[in-house]
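Each chain, written out:
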Amino acid sequence: MTQSLPSPSVHARTAGFAGHVWRSHSGFLQALLLLAMMIGSASAATVRAYMQPESVHLGEPAKYVITIQNGTLQSVPQLRLPVQIRLNSQLQILRNADGNRIGIQLSWDVLGTEPGEFVIPPQEILVNGEVVKTNEVRLVVSEARAANAAADDANTPLLQIEVGKTEVYQGEVVPISASLFVPRSTVVLRRVGLIDVNKSDFAIPRFPQQAETSDTLINGIAYSIITYRSTLSALHAGDLKVGPATSELVFDVINTQRQGQRQVPPGMPLPFGMFMGEAETRKQVVKSQEVKMKVLPLPTEGKPDTFSGAVGDFSINATATPNELKVGDPLAVDIIIDGTGNFEALNPPSLVPPDGWKAYPPRRYNADGMMDPNAPPASQRRIGYAMIFVPEKVHAQLPPFELSFFSPTQKKYVSARTSPIALRITPGAVAATVAGVEGGSGGTEAPKPPPVFQPKPQISDILMNLPSKARWLDTTVASAPLTSSSRFWAIQSIPAALVILASLFTWLKRRRSESTQGLRGELQHLWRGLEESSLTDRDFLQRAAHFIHRSQPGEVKDEELRKIISRYETQSFKATPGEAQGLGSAERSRILSTLAPLLKRTVMFTVAFAMLSLGASAAETTPDEGYQKAREALEKGKYTDAQYLGELLTKRQPPALSSAVFTLIGNARYRQDDLGRAALWYQRAQLLDPLNPEVRQNLRHIDDKLRFFRYGESSPLAEVSLLLNKNTWIIAASAGVWIILLALARYILRGPRRKASLASVLIFSLLGLFVFVPSATFAAIRPAPANRVKDVMVVTGRDVRAYTAATVTSGDVIALPPGSQVRMLEKRGAWSYVEIPRSEENLRGWIESATYTPLWPWDVNLLP
């Protein structure tokens, strides 16, 4: 059989294919070799932090993740978060298949409590025996989603409003109700926010917090109905619309898919714990429908001259005491107005006719007693007027009082009158005086008119006057009372020595602080790790190689240092356990002596770096420039930008704190209708500048609106002592002592022969005592900064209430208006046990932790 030989072309193709295979395998082997070298050289752990997602809406959770590569996690970090961000879940740890050698992922669910851009600082984690810091990340929290975004969600509660009448007269008071329909089987309501209705066309009092509850069945679905009641009156005539009403809700939506067959029958309440771990917490604004109304104008025909705008149906009754009196004696008249309608538009009834009577300003009061602001408004009301009349002549009766109003039921104006009240009035001092004047003879003087008081201030807005330059608080060093330092007593005898000692102490303190920070501090920490005697050879070489890489960024050129790195690579990656050679004590000492110069050279590098940092910081935005930008934004009406720029100054490292910056942020918050946080920043400004008149007036204005609770000082003297800081009082007291001592020294040097010397000593001694005694007293009783702000929180949320237990279903203690101060006694999860200041007696109760913000989140030693 003849075997055919392959042609030359076949040989060529075969050779080409073999070469291609060789080249492919050669590239593959080179890639494997390169990968092995990269794995061998990657000895240091890699730590990175990020947010997922980086931007969320208010009430939506985000995930804060820390990943660790090529490292062993040895301790779980304690998260440091801004006050506006709180944890929403516990730590979750994900590892790879072989445990924790290659990759670890730590994650937390966090929740923003207010809109803004927030910086989460670097976190410290112990990995491979070393403290490693993550990078800082940012989270942007925007306003909550609009109500219509989830209108089609079957698990979203529904809000509906109803009006008692749809055709009314202008100024007529009609009832309005807002009802929440909550699905009972899938939704658990946690908190109902303030129900807000557009008030451009109607006057609508605030909906009270007390509500009526009922149940209903709609299309086979059980609903709980929560109804809030109030009233409204039209401000002008025309075809108008009421609503829509809005309310911010916090509720849990139960995951029925995970519950399986555990369905709740209609009308049956949910058992506690049934949905633990199977519910989603939502924070959402719900919106109601609009209601059309036809508002009729009040007729012009038949309008009395005394009509003041009151619309309703009223009755009037009057009583007077005493029934027997003299001319010039006061007569107390009590008028009761009963009915339904617009009581706020009523004027005091007028006396018809008023001749011969002197009237004094009336006092209006609620005849039914104090009204509960949390209770629904009553349809029937009674108000009273207490009035004083003085008869100027003899009368047989008190004339009737007349009240004019428009009756919507009768559709006409009505003038209601009281019945005349019979009196027995005899001539008195005033009548005798008049008769005496007419007869030409003298008489007694007429009674003096009542005193006229100054008008009370009626502040309707905040002051926006800010200084052109802020006075910054020194946040680089914490202040301490001079009496706690021995250097203060040295200044009384050796001032020059004190200056030298203070300078030396400051220099040593700064040097010590610099030695523990930055690259030098890190190298010192690594050096102390190298000196540990219990290290294995591998750990010793690993730390030595890490010390070299940190002290000399880039390529290592020194031959001795390269030998140490090569020895580490051979010991850790290339040699088998049997081939690895141990390190003797002599070799360890040689390696330490080789690395010692690197630590010394770092000192010069740190000094040079500090000089470069000074030049770089000069190019950055200074606090004064940032303050001017925020001030310009505020003047242009860009309140959100002004707030962001101002708060950015307080988040610097170190923070730029100033009373002017706090006032600016408070003004921006006020213009955004955030009165709670405006009061918070004004209170912070008052801590730094208690005499600032603008801050005091703005706080008073917000207090008139909200009536919040605040802690006061223990005594008037303690309040006066806060006008100056403690060191100022101490210096003033020491100045008084110096005046006395100098006067005595002058008297001793000049001798007691001159009488003038003794007199001057007494004068200066009294002057010194006059300065020393009050200054020393105020320095002694001045409250410590830590006691003024320790555990003090300010309520910034709306519709906050204190409860008798850590649940909204428990009993009420008191409503806490925004801006109220509370002192935290205990924190338990999402709830805090607090003390509430009151003028009579402090109260205690439970409030939600997300509703307050610390009064002073910075170092308390920075307070003056």
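Residues numbered from 1 in each chain as written. Predicted model: local features only at pLDDT ≥ 70, side-chain atom pairs only at ≥ 80, totals over all residues. Heavy atoms only, no water.

A. Examining the overall build of the protein chain more closely. The helix and strand tally for the protein chain stands at 18 helices and 43 strands. Looking at the protein chain residue by residue over its 864 residues, the buried ones come to 37%. In the protein chain, the share of contacts with a sequence separation of at least 24, taken over all contacts with a separation of at least 6, comes to 71%. Total accessible area on the protein chain stands at roughly 49,600 Å², and carbon and sulfur atoms take up 56% of it. (Helix = DSSP H or I, 4+ residues; strand = E, 2+ residues; numbered from the N terminus. Buried < 20%, exposed > 50% of the residue type's maximum accessible area, 1.4 Å probe, protein only. Contact = heavy atoms within 4.5 Å. Areas by Shrake-Rupley, 256 points an atom, 1.4 Å probe, with all protein chains shown as cover.)

B. Examining the pairing of strand β25 (residues 331-341) more closely. In this sheet, β25 lies alongside strand β23 (residues 312-321) in antiparallel orientation, the contact comprising 10 bridges. Directly across from Thr 319, in β25, lies its bridge partner Asp 334. The sheet contact formed by β25 and strand β29 (residues 381-391) spans nine bridges and is antiparallel. Within β29, the residue paired with Ile 335 across the bridge is Tyr 385. (Pairing = 2+ DSSP bridges.)

C. Region of the structure containing the environment of Thr 281. Positionally, Thr 281 belongs in strand β21 (residues 279-287). Assessed through its relative accessible area of 42%, Thr 281 is described here as partly exposed. Expressed as a C-alpha distance, the spacing of Thr 281 and Val 188, which sit 93 residues apart in the sequence, is 9.4 Å. In this structure, Thr 281 is in contact with Arg 190, Val 250, Phe 251 and Asp 252, ignoring residues within four places of it in sequence.

D. Molecular detail of the side chain of Thr 418. With respect to the helices and strands, the residue Thr 418 is situated in the loop between β32 (412-417) and β33 (421-422). At a separation of 2.9 Å, a polar atom in the side chain of Thr 418 contacts the main-chain amide nitrogen of Phe 401. Ignoring any residue separated from it by four or fewer positions in sequence, one finds Thr 418 in contact with Ile 316, Asn 317, Ala 318, Pro 400 and Phe 401. (Polar contact = N/O pair within 3.5 Å; in protein donor to acceptor, adjacent residues only side chain to side chain.)

E. Summary view of helix α12 (residues 659-671). With 13 residues, α12 extends 18 Å between its outermost C-alpha atoms, agreeing within 8% with the 18 Å of an ideal straight helix rising 1.5 Å per residue. Within α12, 12 of the 13 residues are buried, which leaves it mostly tucked inside the rest of the structure. Buried within α12 are the following residues: Ser 659, Ala 660, Val 661, Phe 662, Thr 663, Leu 664, Ile 665, Gly 666, Asn 667, Ala 668, Arg 669 and Tyr 670. Those residues of α12 hidden inside the fold are in contact with β35 (472-473), α10 (623-635), α11 (639-650), β36 (657-658), α13 (675-688) and α14 (693-706). Of the residues that open α12, the one with a side-chain oxygen 3.2 Å from the backbone nitrogen of Ala 660 is Ser 658. Of the residues flanking the end of α12, it is Asp 673, one or two places downstream, whose phi is positive at about 65 degrees. (Expected span 1.5 Å × (residues − 1).)

F. How the structure looks around the sheet that holds strand β19 (residues 238-242). If you walk across this open sheet you meet the three strands as β12-β22-β19, and the pairing is mixed. The sheet is open, and its two borders are formed by β12 (167-169) and β19, each paired with just one other strand. Averaged over all neighbouring strand pairs, the angle between strand axes comes to 35 degrees, with direction disregarded. Taken together, the five bridges between β19 and strand β22 (residues 291-296) define a ladder with antiparallel strand orientation. Across the sheet, residue Leu 240 finds its bridge partner in β22, namely Met 293. (Axes fitted to C-alpha atoms, helices over the stretch in contact; angles between N-to-C directions.)

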